[in-house]
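A closer look at the structure
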Amino acid sequence: MKLYFITSNRNKYEEVKNFLERHGIKVEWINQRYVEIQAENLEDVVRYAIERINVENSFIEDSGLFIKALNGFPGVYSSYVYKTLGLNGILKLLEGIENREAYFVSVIGLKYKSDVKIFKGIVEGYISKEIRGSKGFGFDPIFIPKGYDKTFAEDYELKNRISHRVKALEKMIKYVKLLEE
Ligand code: ITT
């Protein structure tokens, strides 16, 4: 089985490809941007985009970091905030704030056999006090998953077992495998 993954983010592509190929699904990368509407949640962004993509057996994935003390910011603006404020900007915003709870969300939109399906994964955790680790990408160096003490950038193997992305992918795998039978 082969699926096309439409994303402009190489790191995401690598994570997704490694995980899906371990589950017997081949992935072909379409390095392209798609239309992202301004909306308050990732599901709306993903649904709008995947419904307008004319590639059979393809999927997109939109993700974001939601910080509780900041009422969910940067959320749907994660990509922009990563580029503008960066990791240090986020740490500054949280200076002196006790509640460091945050979570990553991944939403996948799949167009498979002409149907559109949405899959969502979440991983809960905390924003670290400083930048730690060099693996992964994006906010990985400041995100510590609940129940652990290393950031995703320090323990990338752990990330690829429990991440938001992996959880959403597991749901998608279940779905496509059911339809294959
Ligand atoms: P697309 O072409 O797939 O949209 P993108 O880079 O714009 O690629 P997103 O909007 O989904 O991707 O990602 C939003 C930002 O959230 C992204 O720039 C990262 O900085 C961050 N992010 C997403 N997933 C992450 C992860 O697994 N670990 C750390 N940061 C992540």
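Right, let's walk through the structure included here. Computed from a predicted model, the values in this text were never measured in an experiment.

How each quantity is defined
Residues numbered from 1 in each chain as written. Predicted model: local features only at pLDDT ≥ 70, side-chain atom pairs only at ≥ 80, totals over all residues. Heavy atoms only, no water. Core = buried A, V, L, I, M, F, W, Y, C linked by side-chain atoms within 4.5 Å. Buried < 20%, exposed > 50% of the residue type's maximum accessible area, 1.4 Å probe, protein only. Helix = DSSP H or I, 4+ residues; strand = E, 2+ residues; numbered from the N terminus. Contact = heavy atoms within 4.5 Å. Near = heavy atom within 4 Å. Polar contact = N/O pair within 3.5 Å; in protein donor to acceptor, adjacent residues only side chain to side chain. Areas by Shrake-Rupley, 256 points an atom, 1.4 Å probe, with all protein chains shown as cover. 1 Å grid on protein atoms, 1.4 Å probe; cavity = no way out; pocket = protein on both sides within 12 Å on 5 of 7 lines; lining within 4 Å. Sits in = over half its atoms within 2 Å of the grid points. Points joined across faces, edges and corners; volume = space filled by probe spheres on them. Nonpolar A, V, L, I, M, F, W, Y, C, P; charged D, E, K, R; others polar.

Digging into the nonpolar core
Leu3, Leu20, Phe59, Ile108, Leu110, Leu169 and Met172 are the most contacted members of the largest nonpolar core, which totals 20 residues. Elements with a contribution of two residues or more to this core: strand 1 (2-7), helix 1 (10-22), strand 4 (101-112) and helix 6 (164-180). Here this core gets seven residues from one element, more than from any other, and that element is helix 6. Each residue touching Phe59, except ones within four places of it in the same chain, is listed here: Leu3, Tyr4, Phe5, Ile6, Val16, Leu20, Ile50, Ile108, Gly109, Leu110 and Met172.

A short note on the site of the ligand
In the neighbourhood of the ligand, 20 residues make up the surrounding shell, with Thr7, Ser8, Lys12, Asp140 and Lys159 lying closest. One of the side-chain nitrogen or oxygen atoms of Arg165 is found 2.8 Å away from a nitrogen atom of the ligand. For the ligand, the accessible surface in isolation is 610 Å², of which the surrounding protein chains cover 95%. With respect to the pocket detection grid, the ligand is positioned in the largest pocket. Put simply, the parts of the chain that give the shell around the ligand at least two residues each are strand 3 (58-67), helix 3 (78-84) and helix 6.

Brief notes about the layout of surface pockets
Estimates place the volume of the largest pocket at around 820 Å³. Every residue lining the largest pocket is counted, 36 residues in all, and those nearest its centre are Asn9, Lys12, Asp62, Ser63 and Ser79. Within the residue set of the lining of the largest pocket, elements represented by two or more residues are strand 1, helix 1, helix 2 (42-50), strand 3, helix 3 and helix 6. Residues that form the lining of the largest pocket fall into these classes: 14 nonpolar, 13 polar and nine charged.

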